[in-house]
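Structural features, examined
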Amino acid sequence: MGTLQDHRRLTRLGFFALFVLAPALDLFRIDLTQGHAILFGQDWTLGLGPFVAGEASALEAGWNLFWRFFLPVFGGAALFLLVAWRWGRLYCGWLCPHFSVVETVNGLMERTIGRPSLWERKPLPARKADGSLRRSDRRLWPLTLLVAVGFALLWAVVLLTYLLPPATVYGNLVTADLTRNQALFIGVATTLFLIDFLAARHFFCRYGCAVGLFQSLVWMANRRAMVVGFDRARASACASCNAACDNACPMRLNPRTIKRHMFACTQCAQCITACETVQADNPAGSLLRWVDGDCALDVSAHDFGRRPAVPPDCFRSDRTAAGPRIVYED
């Protein structure tokens, strides 16, 4: 069957491949040389040519604009935000090609300097969640830098193929015959992405990514949305753990806190996986799991200074799908 993280790796790998290959396969790109987008091999225009030429009415032009622009753009955005409303930043944790690079470089940093980021003050604990020792070797710096440069260059070239014919871009690369503007775009973009991948990464995801920010804002507005829940009744079981869930989080969050402090959570579930690993021999199971509905209130209602009058039992395996009824008091 494979584990949850195995499934997530497959979805990330598949979407990253789609991100790279979509322009070359004419699945989607915006061709600046033709002045319109291409979708599934077909020209995607606004259909305003006949109106400009005086061959169509304003009503026909308005219908084309609605059908070809407003409906797909705003409809797609609405569907995207609806997913975020119910399940949070699933796109970030399970699909986003940038977040795939974040996690990859985090892992290399950990193997190189013992920390997932240059800005971490202390190295991660010597023992991992599965009990094995964590070893670092600064001799891996060349490999880490090479991977970061490779990702940065790949991103720069791929983004250019979303704007210019991929055959032209890749052909010019192979023959080392890039135009001045192509070389300038790739050079500047590679430099910026390299700075991001080496120094920013999760900081960009938390503070600079508009896609992630809007998902988080919508998710925060739904107090019953899916969120990582912590079995506070069994908090004493954390005493023998070295904060494995905190150390596993690529966004450097504390998954046992209130929802407001988990604003940038990507629902990658690495904290849940770490806790399951640590508590593997505990008959009661993991202290962390996804919860939603009324059970999510135990996490989100704390944002408003409220506490449950009766501690919720949301971690029982035999509870109903809708969850128990929880009454809160101020």
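Residues numbered from 1 in each chain as written. Predicted model: local features only at pLDDT ≥ 70, side-chain atom pairs only at ≥ 80, totals over all residues. Heavy atoms only, no water.

If you tally the helices and strands in the protein, you get 13 helices and 7 strands. When its C-alpha atoms are laid out on the principal axes, the protein stretches across 70 × 55 × 35 Å. Across the 330 residues of the protein, 40% fall into the buried class. A sequence separation of at least 24 residues applies to 68% of the contacts in the protein between residues at least 6 apart. About 18300 Å² of surface is accessible on the protein, with carbon and sulfur atoms providing 65% of the total. (Helix = DSSP H or I, 4+ residues; strand = E, 2+ residues; numbered from the N terminus. Buried < 20%, exposed > 50% of the residue type's maximum accessible area, 1.4 Å probe, protein only. Contact = heavy atoms within 4.5 Å. Areas by Shrake-Rupley, 256 points an atom, 1.4 Å probe, with all protein chains shown as cover.)

Strand pairing in a sheet relies on backbone hydrogen bonds. The paired strands run either parallel or antiparallel. Pairing is antiparallel across the open sheet formed by 3 strands, whose spatial order is S1-S2-S3. Looking at the sheet topology across the chains shown, the edges are occupied by strand S1 (28–31) and strand S3 (42–44). Looking at each pair of strands side by side, their axes are set apart by 30° on average, direction ignored. Here S1 runs beside strand S2 (residues 36–39); their pairing, made up of 4 bridges, is antiparallel. Bridge assignment links Phe28 to a residue of S2, and that residue is Leu39. (Pairing = 2+ DSSP bridges. Axes fitted to C-alpha atoms, helices over the stretch in contact; angles between N-to-C directions.)

Time to look at helix H5 (residues 97–113). A rise of 1.5 Å per residue sets the reference length of H5, with its 17 residues, at 24 Å; its end C-alpha atoms lie 24 Å apart and thus fit the reference within 8%. Burial within H5 is extensive, with 14 of its 17 residues counted as buried. (Expected span 1.5 Å × (residues − 1).)

All right, on to the side chain of Asp31 then. Within the secondary structure layout, Asp31 lies in strand S1. Using a relative accessible area of 1% as the deciding quantity, one classes Asp31 as buried. Polar side-chain contacts of Asp31 include one of 3.2 Å to the side chain of Gln34. Leaving out residues up to four positions away in the same chain, Asp31 has contacts with His36, Ile38, Tyr162, Leu163 and Pro165. (Polar contact = N/O pair within 3.5 Å; in protein donor to acceptor, adjacent residues only side chain to side chain.)

On to the confidence of the model for the protein. Summing up the model confidence of the protein, the mean pLDDT is 87 and the portion of residues at 70 or higher is 91%. Across the protein, the secondary-structure element scoring lowest on mean pLDDT is strand S7 (residues 328–329), at 40, and the one scoring highest is helix H6 (residues 141–161), at 97. The low-confidence segment residues 318–330 (pLDDT under 50) makes 32 contacts with residues lying over four places distant or belonging to another chain. (pLDDT = per-residue confidence, 0-100.)

The next subject is the packing of helix H1 (residues 4–21) against H5. Close contact between H1 and H5 brings their axes to 9 Å; oriented N to C, the two are set at 125°. On the basis of their axis angle, the class for H1 and H5 is oblique. With respect to the hand of their crossing, H1 and H5 are arranged in left-handed fashion. Residues Arg8, Arg12, Phe15, Phe16 and Phe19 of H1 form the contact with H5, whose own contacting residues are Pro97, Phe99, Ser100, Val101, Glu103 and Thr104. Of the residues contributing to the contact of H1 with H5, the split by class is 6 nonpolar, 2 polar and 3 charged. (Parallel < 35°, antiparallel > 145°, perpendicular 65-115°, else oblique. Left-handed = near helix turned anticlockwise from the far one by under 90°. Nonpolar A, V, L, I, M, F, W, Y, C, P; charged D, E, K, R; others polar.)

Before going further, it helps to examine the pairing of S1. Here S1 shows one buried face, formed by Arg29 and Asp31, and one open face, formed by Phe28 and Ile30. Linking S1 back to S2 in an antiparallel pair, the connection comprises 4 residues, with Gly35 at a positive phi of about 80°.

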